[in-house]
Amino acid sequence: MIDNNLINFKVMGDERGSLIPFEEGKNVPFDIKRVFYIYGTQKDISRGQHSHYRSKQLLIAINGSCKVTLDNGKKRETYTLNKPNVGLFQNALIWGEMHDFSQDCILMVFSDSYYRDSDYIRDYDDFLEIVNYGDR
Ligand code: TYD
């Protein structure tokens, strides 16, 4: 497995339905600074296609399904996210692409950082240089 983890969240439920709590530093392995979600993604669209210098993310398909490909510069692995109680941790300096969204997919993302354009590495060749040789 690449430098990332699939996390199983405990589902609290009873006859009324289900509930999953997220708490920073407890079941989310970082401080939560930002949450966003992606929905209504068109078929055949690939999103992401970037890495972050510093920020870490946790991705959860809270409805529907999608695939996430993570790449550490040496190895690529594709995960299917299709359960609201399973999250995929994406560390800093891991390239990520989200694809094969179902029409009803809602992909929720927690991040440990505020949005900052300068934290993005959007060019794959730059990413390879940085992970393999450092930020020269
Ligand atoms: P983008 O990074 O292209 O999304 P993805 O990585 O899923 O392909 O983001 C789309 C737009 O939303 C872009 O204009 C930047 C903006 N944005 C924010 O303002 N804040 C955020 O937290 C994120 C993730 C994106």
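Here is a short report on the structure shown in this document. Bear in mind the structure is a predicted one, so any value in this text is a computation, not a measurement. (Residues numbered from 1 in each chain as written. Predicted model: local features only at pLDDT ≥ 70, side-chain atom pairs only at ≥ 80, totals over all residues. Heavy atoms only, no water.)

1. Topic: the site of the ligand
Link 1 in the chain: Residues in close proximity to the ligand include R34, F36, I38, R47, G48, H50, M98, Y115 and Y120, which together make up its full environment.
Link 2 in the chain: Within the backbone of G48, one N or O atom sits 3.0 Å away from an oxygen atom of the ligand.
Link 3 in the chain: In the complex, the protein chains occlude 56% of the 530 Å² of accessible area that the ligand would expose alone.
Link 4 in the chain: Looking at the shell around the ligand, the elements with two or more residues in it are β4 (34–39) and β5 (47–52).
Link 5 in the chain: By residue class, the composition of the shell around the ligand is 5 nonpolar, 2 polar and 2 charged. (Near = heavy atom within 4 Å. Polar contact = N/O pair within 3.5 Å; in protein donor to acceptor, adjacent residues only side chain to side chain. Areas by Shrake-Rupley, 256 points an atom, 1.4 Å probe, with all protein chains shown as cover. Helix = DSSP H or I, 4+ residues; strand = E, 2+ residues; numbered from the N terminus. Nonpolar A, V, L, I, M, F, W, Y, C, P; charged D, E, K, R; others polar.)

2. Re the sheet that holds strand β7 (residues 66–71)
Link 1 in the chain: The strand order across the open sheet built from 5 strands is β8-β7-β10-β5-β12, with neighbouring strands paired in antiparallel fashion. Looking at strand neighbours, the two that pair on one side only are β8 (76–81) and β12 (120–121), the edges of this open sheet.
Link 2 in the chain: Direction of pairing for β7 relative to strand β10 (residues 95–99): antiparallel, over a ladder of 5 bridges. In the strand pairing of β10, L70 is matched with G96. (Pairing = 2+ DSSP bridges.)

3. Thoughts on the environment of G13
Link 1 in the chain: When you line up the elements, G13 lands in strand β2 (residues 12–14).
Link 2 in the chain: Residue G13 is classed as exposed on the basis of its relative accessible area, which comes to 54%.
Link 3 in the chain: Counting along the chain gives 46 residues from G13 to L59, while the straight-line C-alpha distance between them is 22 Å. (Buried < 20%, exposed > 50% of the residue type's maximum accessible area, 1.4 Å probe, protein only.)

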